[in-house]
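Here's the letter readout for the chains.
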Amino acid sequence: MSKKLQALLNSSKNLYKKIFKMSGEKAEVGVSPKEKEEQESAAEDTASGTSDMSIESLRKYLSEKLGISDKDKDEEKTVKVLDAVTLDGVVDYINKNKCKNIVTMAGAGISTSAGIPDFRSPGSGLYHNLQKYNLPHPQAIFELSFFHENPKPFFALAKELYPGSFKPTICHYFIKLLIEKGVLLRHYSQNIDTLERVAGIPDDKIVEAHGTFYTGHCIKCRKEYTLEWMKERIFKDEVPECVEEDCKGVVKPDIVFFGEQLPFKFYNLIEHDFENCDLLIILGSSLAVQPFASLVERVPDTCPRLLINREKVGHRSGIMAMLGLGGGLDFDGKNNTRDVAWLGDCDEGCQLFADKLGWGEELKKLRAAEIEKIETLNKASKSVKSSM
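The model shown is predicted, which means the values in this text are computed figures rather than measured ones.

This part takes up the pattern of salt bridges. Pairs can form between side chains of opposite charge whenever their charged atoms are close. What the rule picks out here adds up to 18 salt bridges. In this structure, Asp88 engages Lys356 in a salt bridge whose closest nitrogen and oxygen atoms are separated by 2.9 Å. Of this pair, Asp88 sits in helix α5 (residues 87-97) while Lys356 sits in helix α13 (residues 346-357), placing them 268 residues apart in sequence. Using a relative accessible area of 39% as the deciding quantity, one classes Asp88 as partly exposed. On the basis of relative accessibility, which here comes to 35%, the residue Lys356 falls in the partly exposed class.

Now the structure itself:
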């Protein structure tokens, strides 16, 4: 028996004993001391014999007792969603089923080719390169308590990452192309760089789950401020302060810090959107932050889930994976017919996906035309400022 399996069964032993004892406590009235002793002895014997139980019987036992199985396993085996769990299989599914309610979920990986670092990549990730701000720990730069004490590090970082300094990527325009094709229900983003808006994704199609730089509010009086107003002060190396008389509160961009509530729009739309989703596409996310990561579990069992990312994420792991329980993506499961992982650069993956759908040239032309518009607007803006 493998060490991993033995560790699982050993950990299950005490749990099995506790469950047995808990179930017996409900029926203790009228039980003689001798009978109770026999029950406890049986529990010991059962737990000791756990190593002889099959994984399947243990899975079924825990499913029944703890209610942690989310579906009937026999039924799951009969449901075939994709003919092949590959990118080609997803393309065939789209062509056959005429998807109209695609939901996309995106993380920092869709913006790295624009020059914006992600958060967790070793060596190049944002958290790895924050030492210069003398933080107690890297995440402190996005903690509200630290921001109240010392907002300067956050605004110094904000200047480096500020919207307007970067251009949308192929990924952003792939999402916009889905809108133009009439198949995107909603785009959910973890990103605060506003590149989705720059790419022309309309407000009614986007949910900025972790907030945005697009607007800001005074942390004292809640007066709202625009992106341009904040940018002017941040680029002067100032901490933006509220202009309301007798206020002088710090103006914080509307991004979600650790411990803050996610936007109302997020909670207002997730139930409808994910229940009606007919294809889920996850782009460049580590799926490490909740509650965003758990959204992958909200789609119907018959909905394919495609991950385009540098590595597999969001998959079942640990004891739950060995028992075949719990949520998450199931790329390597023997009964998987709906979860697909395409591993590599997000832009490359989106372009390949578009090529296979017959939209490849359209995507390239869309991005080229939109980037030209952005550059023209930027030149005009600089010209106006220089003449002032």
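Following the structure, the description resumes.
A cis geometry characterises the amide bond from Gln290 onward to Pro291, with omega recorded as 5°. Checked against the element boundaries, Pro291 lands in the loop between β7 (279-283) and β8 (305-309). Phi at Lys98 takes a positive value of approximately 50°, unusual for a residue other than glycine. Topologically, Lys98 is positioned in the loop between α5 and β1 (102-106). By relative accessible area, Lys98 is classed as exposed at 58%. You will see that Asp237, though not glycine, has its phi angle at about 60°, which is positive. One can find Asp237 in the loop between α10 (227-234) and β6 (251-255). Look at Asp237 and you get exposed, because its relative accessible area is 61%.

For the rest of this paragraph, the subject is the environment of His210. Of note, His210 is situated in the loop between β3 (206-208) and β4 (211-218). Residues His210 and Phe266, spaced 56 residues apart in sequence, show a C-alpha to C-alpha distance of 9.1 Å. In this structure, His210 is in contact with Ser189, Gln190, Ile192, Ile255, Val256, Val289 and Phe292, ignoring residues within four places of it in sequence.

So, how was this worked out
Residues numbered from 1 in each chain as written. Predicted model: local features only at pLDDT ≥ 70, side-chain atom pairs only at ≥ 80, totals over all residues. Heavy atoms only, no water. Salt bridge = Lys/Arg side-chain N within 4 Å of Asp/Glu carboxyl O. Helix = DSSP H or I, 4+ residues; strand = E, 2+ residues; numbered from the N terminus. Buried < 20%, exposed > 50% of the residue type's maximum accessible area, 1.4 Å probe, protein only. Contact = heavy atoms within 4.5 Å.

Structural measurements only, silent on function.
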